[in-house]
Structure formats: C-alpha cells, structure tokens
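Descriptive analysis of the structure
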Amino acid sequence: MTKSLIVTLILWAAEVFLIAVLVSDQWLTNMQDAEDRMIIEYLGADNDRRIRDEANAVFNAMLVETGIQRNVYHFFIPTVAEREKSVGFEHFGQTDYFPLVQSKLDVLFGTFYQSLRRFFLLLSWWPFLIAVAIPSAVDGLVQRKIKQSNFDYSSPLAHRYSFYTVIGIIYLLLLGLTFPFPIPPQAMPMACVGIAFAMNVYFAHTQKRV
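Residues numbered from 1 in each chain as written. Predicted model: local features only at pLDDT ≥ 70, side-chain atom pairs only at ≥ 80, totals over all residues. Heavy atoms only, no water.

At a minimum axis separation of 7 Å, helix H2 (residues 25-43) and helix H3 (residues 45-64) run at an interaxial angle of 130 degrees. In terms of their interaxial angle, H2 and H3 are classed as oblique. Along its contact with H2, which presents Asp36, Ile39, Ile40 and Leu43, the element H3 presents Ala45, Asn47, Asp48 and Arg52. Of the residues in the contact of H2 with H3, the class split is four nonpolar, one polar and three charged. (Axes fitted to C-alpha atoms, helices over the stretch in contact; angles between N-to-C directions. Helix = DSSP H or I, 4+ residues; strand = E, 2+ residues; numbered from the N terminus. Parallel < 35°, antiparallel > 145°, perpendicular 65-115°, else oblique. Contact = heavy atoms within 4.5 Å. Nonpolar A, V, L, I, M, F, W, Y, C, P; charged D, E, K, R; others polar.)

Structure below.
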C-alpha cells in the first residue's frame, strides 16, 4: 500500500511538472473556458456557478489569504524597487526570464484551481454514486447467496479484477484532476456506473464460505 502511494505521488508530481513545462497559460485559460461551457451545457449555469464559488472559496482560503501565492511570486520575481537596488541588474530578465517564470507560476496555480473545480464537480455526483452503487452491491450479494445455495461457481479472477477496476477508476479520477485538457462532465456519471458494475461483480464472485 505504501509503495503504491509513493508511485502515485511520483506520477502526480511528474504530471504537474510536465504541465508546468509544456503548457502555456493561454492554453490553460482556453481549456478552462472549454470545460466551463461543457459544464454549463450539461449541468446548467447555476451548478457551474456553485462549483466555481466552492473552488474560489477553498483557493482563497488556502493560497490567497495565507499569503502563499503572493510569497511564491515574490520569491521568484523581484519587485521593481528590488530590481532598482540591484546595481547592474536593473533590466535583467524583464523581457524574457521573469515573464516566462510568471507564466509558469500562473500555470501551476491555475492548474491547482482547476483541480479544485474538478474535485467539487466530482463531489457533486456522490448522490448518484450512492444511488447506483448500493443497489448494485445488494444485487451482487443476492447473487452470491444464490451461488451458495446451488453450488454455482464463483470466479476468483472476476472477483480480483473487479476490485482492481474500482481502484483503477478512482485512481484515474484523482489523476484526472490535473489533466491539461478539458474533461467532459459526462465522465463523472460514467465512472459512477463503472464503479457500481464492478462492485456488483466483486460481491457476486466473493468466494463462498462454509
């Protein structure tokens, strides 16, 4: 479990690093606009506004009000007054280095904000997940009882891989929080249905016990 967590963190860090290096701030803005339009078309403007407000509140509480965002920018980009005090370096990086650094920091903070929006979009589907997962799990348990009564075969392979499917879907959803391209909101209910189906197979093929 610890090894899997470490691998996940490494993959996530590599993904964020590649986004910061390869993605421009304009690309990120266009991606957010495209995703906004898809959410409004699928869920409506009110739900989009609610998700946006929740993401803004958490982003401001974590990074703006604490001064983290301001301090990070200040650490990498000196103020005009600080540049003027640096004799011989007053004009260093004004047209190339510092604009590039600011662009990459904009991408990092923009990616974090987009991750928050996707997280709250994901949370908004939890009632649907419960609505489809519980009946599927109950049906799987009923199938298991039937298998116990008539000595039907329970597949260890189906049991194992259905569990991996649930973990894999959750894994992709979490990594997808930082994907640098628009994610259709329909992906969330499809993931819920996939989890529910995998849970049905998992419980239905749980090995019989005497």
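Still to come is the rest of the account.
General note: in soluble globular proteins, nonpolar side chains tend to be found buried as a group. Grouped together as the largest cluster of nonpolar side chains are 18 residues, with contacts concentrated most on Phe59, Ile77 and Leu121. Elements that contribute at least two residues to this core include exactly H3, helix H6 (97-123) and helix H9 (187-204). Take this core: its biggest share by element is eight residues, from H6. Val166, Ile169, Ala191 and Ile195 belong to the second largest nonpolar core, which has five residues in total. (Core = buried A, V, L, I, M, F, W, Y, C linked by side-chain atoms within 4.5 Å. Buried < 20%, exposed > 50% of the residue type's maximum accessible area, 1.4 Å probe, protein only.)

Summed over the entire model, instances satisfying the criterion amount to twelve aromatic pairs. On the basis of an interplanar angle of 70 degrees and a centroid distance of 5.7 Å, the ring pair of phenylalanine 119 and phenylalanine 120 is categorised as edge-to-face. Relative accessible area serves as the criterion here: at 14%, phenylalanine 120 is assigned to the buried category. One aromatic cluster in this structure is built from Tyr161, Phe163, Tyr164, Tyr202 and Phe203. (Phe/Tyr/Trp six-rings, centres within 6.5 Å; stacked < 30°, edge-to-face > 60°.)

Here we take up the pattern of salt bridges. Per the counting criterion, the structure on display carries seven salt bridges. A salt bridge links aspartate 48 to arginine 117; its shortest N-O distance comes to 3.0 Å. Highlighted residues: aspartate 48 in helix H3 and arginine 117 in helix H6, separated in sequence by 69 residues. Of the two residues, aspartate 48 and arginine 117, both sit in the buried class. Among the charged side chains, a salt-bridge network with shared partners connects Asp36, Asp48, Arg52 and Arg117. (Salt bridge = Lys/Arg side-chain N within 4 Å of Asp/Glu carboxyl O.)

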